[in-house]
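# Fold and geometry: a report
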Amino acid sequence: MPAYELIRSSRRTLALEVTRDGRVLVRAPARLDQKRIDDFVARHAGWIETHQAIQRERRERRPEPTPDQQRELIARAKAVLPEKTAYYGGIMGLRPAGVTITGAEKRFGSCSAKNRICFSWRLMQYPEEAIDYVVVHELAHILHKNHGKAFYACVEEVLPDWRARRALLKT
């Protein structure tokens, strides 16, 4: 059985996560007995192994930037992303309440209920076309707070090739 870190909480279900660094996290209900947790992990050993290999490949393809590279990416993000947001916002007739640059590791952008857009500086490691897609994607959330048909129609109006651009984020 793979080694894992156990996180107990008031949740009702068991969940597995393999982190970017390959650690296995198991989230479990506070009162669930240890044997059931161990059985769950053992039954999912193949899944865990597969996802650890995926994370290993991701780390090799896109290693964590050095502190100097990180500073460079942050500076570039602060210069480029607000400008792109204003440009595409003008095309779409949308204006966010603000633009913030973060160090988020799991998502490239987000749009709050109050229409504040956050972008991760990590986005700057991707091609220009992918960056533009994330900007348009987050701006579209000002109008549509979900990923329904109307949301993607809004994105497609500005970027007809959005699917190809989104695929660049996965490579």
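Keep in mind it's a predicted model, so treat the numbers as computed, not measured. Just so you know, the residues in each chain are numbered from 1, in the order the chain's sequence is written. Under the rules for a predicted model, residues below a pLDDT of 70 receive no local features and side-chain atom pairs below 80 are neither given nor counted, while totals for whole chains, interfaces and linings still include all residues. To obtain the side-chain values, all non-hydrogen atoms of the structure were included, while hydrogens and water were left out.

Where charged atoms from two side chains of opposite charge come close, those side chains can pair. Between Lys or Arg on one side and Asp or Glu on the other, a salt bridge is scored when a side-chain nitrogen of the former is within 4 Å of a carboxyl oxygen of the latter. Scanning the entire structure with this criterion turns up 14 salt bridges. Among the charged side chains, a network of salt bridges with common partners joins Arg76, Lys84, Glu128, Asp132, Asp161 and Arg165.

Attention now goes to the packing of helix α4 (residues 128–143) against helix α5 (residues 149–158). Axis angle and axis distance: for two packed helices, these are the angle between their axes and the distance between the axes, and together they describe the pair. Axis angles are defined between N-to-C directions and span 0 to 180 degrees, where every axis is a line fitted to C-alpha atoms and, for a helix, only to the segment in contact. Elements are defined by DSSP. Helices are runs of H or I of four residues or more, strands are runs of E of two residues or more, and each kind is numbered from the N terminus. At their nearest, the axes of α4 and α5 sit 9 Å apart, and the two run at 135° to each other. In terms of orientation, α4 and α5 fall into the oblique class. The interaxial crossing formed by α4 with α5 has right-handed handedness. Here Tyr133, Val136, His137, Ala140, His141 and Leu143 of α4 come into contact with α5, specifically with Phe151, Tyr152, Cys154, Val155 and Val158. Gly counts as polar in this scheme, as do all residues outside two lists: the nonpolar Ala, Val, Leu, Ile, Met, Phe, Trp, Tyr, Cys and Pro, and the charged Asp, Glu, Lys and Arg. Partitioned by chemical class, the residues of the contact of α4 with α5 number 9 nonpolar, 2 polar and no charged. Comment on the angle field: the value is read as roughly parallel under 35 degrees, roughly antiparallel over 145, roughly perpendicular from 65 to 115, and oblique elsewhere. Crossing chirality is assigned from the near helix's rotation relative to the far helix, an anticlockwise turn below a right angle marking it left-handed and a clockwise turn marking it right-handed. We call two residues in contact whenever any of their non-hydrogen atoms come within 4.5 Å of each other.

A separate point is helix α3 (residues 67–92). Three or four residues apart is the spacing at which side chains of an α-helix point the same way, because the helix has 3.6 residues per turn. Taking 1.5 Å of rise per residue, the 26 residues of α3 would be expected to cover 38 Å, and the 36 Å separating its terminal C-alpha atoms lies within 8% of that figure. The bend at a residue is defined as the angle formed between two axes, one fitted to the seven residues ending at that residue and one fitted to the seven starting there. Its axis deflected by about 30° at Ala77, α3 carries its strongest bend there. Burial classification: accessible surface area is computed with a 1.4 Å probe over protein chains only, and a residue below 20% of its type maximum counts as buried, one above 50% as exposed, and the rest as partly exposed. Taken together, the buried positions of α3 are Leu73, Ala77, Leu81, Lys84, Thr85, Tyr88, Gly89 and Met92. Buried residues along α3 sit in contact with β4 (98–102), β6 (116–120), α4 and α5. Just downstream of α3, Gly93 is the residue with a positive phi angle, here 70°. Here the expected span of a helix is defined as 1.5 Å times the quantity of residues minus one.

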